[in-house]
Amino acid sequence: MNIVEAVKTQSDAETISRKLTKNAKGNTLYADIWRFGINTALRISDLLSLTFEDVSGDKLVIKESKTGKTRSIDLNSSAKAIVQQRRKAHPGHTYLFEVDSNRAKGKPVSRISVANAFKAVGDEMSIQLGTHSMRKTRGWLMHSSGMSIELICKVLNHSSPAVTMVYIGLTQAEIDATYHEFVF
């Protein structure tokens, strides 16, 4: 299994979104997946299976495919805007992130194509980027803004804060820096 990273700044996350659109020659599909994934912290398997019916209100209620747990997610303004833009641009689609090609008509975009698009941008930016980077980025940005590990653990639906700390990629250098930031 490849190790993927969290994107550590909102600026880099926005740059990735722009590059995903540019690399897709103006098609916003991968950028929309990236942004929606960061906003909802869903696993890629759950993200790609979403239908427009699933995201029709202010809340998304989903049974996670990995854990079997039911999650309720408040859709923020950015997530709602993505849904509205995609619905307007693709009124005949069933899935929020559906393929436009004739070969796969009526199916959601594949995990492999998303992974390839993310990897290409990650290579450009020297970041190990993959489909899990959206969740990791959400967790990291929450952590760096001062939110507790316990709250991030709940958002990511992890079993323990220890799992969350490893997941978001707290490094030894960041831990070491605390000894110089808090001097008594």
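Everything numeric in this text was worked out from a predicted model, so none of it was measured. (Residues numbered from 1 in each chain as written. Predicted model: local features only at pLDDT ≥ 70, side-chain atom pairs only at ≥ 80, totals over all residues. Heavy atoms only, no water.)

**Here we look at the overall build of the chain**
Logical step 1: Per the secondary structure count, the chain includes 9 helices and 2 strands.
Logical step 2: Overall, the chain shows an N-to-C arrangement of helices and strands of α-α-α-β-β-α-α-α-α-α-α.
Logical step 3: Over its C-alpha atoms the chain spans a radius of gyration of 17 Å, differing by no more than 12% from the 16 Å that the globule rule assigns to 184 residues.
Logical step 4: A sequence separation of at least 24 residues applies to 57% of the contacts in the chain between residues at least 6 apart.
Logical step 5: Entry remark: accessible area of the chain is about 10500 Å², with carbon and sulfur atoms responsible for 55%.
Logical step 6: In the chain, which carries 25 positive and 18 negative side-chain charges, the distance between the mean positions of the two groups comes to 5 Å. (Helix = DSSP H or I, 4+ residues; strand = E, 2+ residues; numbered from the N terminus. Rg over C-alpha atoms; globule rule 2.2 N^0.38 Å. Contact = heavy atoms within 4.5 Å. Areas by Shrake-Rupley, 256 points an atom, 1.4 Å probe, with all protein chains shown as cover. Lys, Arg positive; Asp, Glu negative; His and termini not counted. Charge placed at Lys NZ, Arg CZ, Asp CG, Glu CD.)

**Points about the confidence of the model for the chain**
Logical step 1: For the chain, mean pLDDT is 92; residues scoring 70 or higher make up 99% of the total.
Logical step 2: For the chain, the element scoring lowest by mean pLDDT is helix α9 (residues 172-181), at 80; helix α2 (residues 29-40) scores highest, at 97. (pLDDT = per-residue confidence, 0-100.)

**Some thoughts on the nonpolar core**
Logical step 1: Ile33, Trp34 and Phe36 are the most contacted members of the largest nonpolar core, which has 37 residues in total.
Logical step 2: Those elements that provide at least two residues to this core are α1 (10-23), α2, α3 (44-48), β1 (59-63), α4 (77-89) and α5 (111-125).
Logical step 3: Per-element tally for this core: the top contributor is α2, with 7 residues.
Logical step 4: With near-sequence residues (within four places) excluded, Phe36 lies in contact with Leu47, Leu50, Val55, Leu75, Ala79, Ile82, Val83, Leu96 and Phe97.
Logical step 5: Judged by nonpolar contacts, the second largest core, of 9 residues, contains Ala41, Trp140, Met142 and Tyr167. (Core = buried A, V, L, I, M, F, W, Y, C linked by side-chain atoms within 4.5 Å. Buried < 20%, exposed > 50% of the residue type's maximum accessible area, 1.4 Å probe, protein only.)

**Concerning the packing of α1 against α2**
Logical step 1: Contact pair α1 / α2: the axes reach a minimum separation of 7 Å and the direction vectors enclose 155°. In this view, α1 runs roughly antiparallel relative to α2, as classed from their interaxial angle. Two secondary-structure elements touch here, α1 through Ala13, Ile16, Ser17, Leu20 and Thr21 and α2 through Tyr30, Ala31, Trp34, Arg35 and Ile38.
Logical step 2: Each residue belonging to the contact of α1 with α2 can be placed in one class, and the counts come to 7 nonpolar, 2 polar and 1 charged. (Axes fitted to C-alpha atoms, helices over the stretch in contact; angles between N-to-C directions. Parallel < 35°, antiparallel > 145°, perpendicular 65-115°, else oblique. Nonpolar A, V, L, I, M, F, W, Y, C, P; charged D, E, K, R; others polar.)

**Regarding the pattern of salt bridges**
Logical step 1: The full count for this structure, using the stated rule, is 8 salt bridges.
Logical step 2: Put simply, Arg86 and Asp32 hold a salt bridge, and the shortest N to O gap is 3.0 Å. Highlighted residues: Arg86 in helix α4 and Asp32 in helix α2, separated in sequence by 54 residues. For the pair Arg86 and Asp32, a shared accessibility class is recorded, and that class is buried. (Salt bridge = Lys/Arg side-chain N within 4 Å of Asp/Glu carboxyl O.)

**Considerations on the pairing of β1**
Each regular strand displays side chains that alternate between the two surfaces of the sheet.
Logical step 1: Burial along β1 is one-sided: Leu60 and Ile62 are buried, while Lys59, Val61 and Lys63, pointing the other way, are not.
Logical step 2: When β1 meets strand β2 (residues 70-74), the two strands line up antiparallel, connected through 5 bridges. Across the sheet, the residue bridging to Val61 is Ser72, located in β2.
Logical step 3: Linking two consecutive strands that pair antiparallel, namely β1 and β2, is a turn of 6 residues; a positive phi of about 80° is found at Gly68 within it. (Pairing = 2+ DSSP bridges.)

**Let's talk about α5**
Each turn of an α-helix holds 3.6 residues, which means side chains three or four residues apart point in the same direction.
Logical step 1: An ideal rise of 1.5 Å per residue puts 21 Å on 15 residues; α5 measures up with 21 Å between its terminal C-alpha atoms.
Logical step 2: All of the buried residues along α5 are Val114, Ala117, Phe118, Val121, Gly122 and Met125. Take α5 and look down its axis: the buried residues cluster within an arc of 135°, on one side only.
Logical step 3: Buried residues along α5 sit against α1, α2, α3 and α6 (133-144).
Logical step 4: Positive backbone phi, at 60°, marks Ser126, one or two positions downstream of α5. (Expected span 1.5 Å × (residues − 1). Arc of directions from axis to C-beta.)

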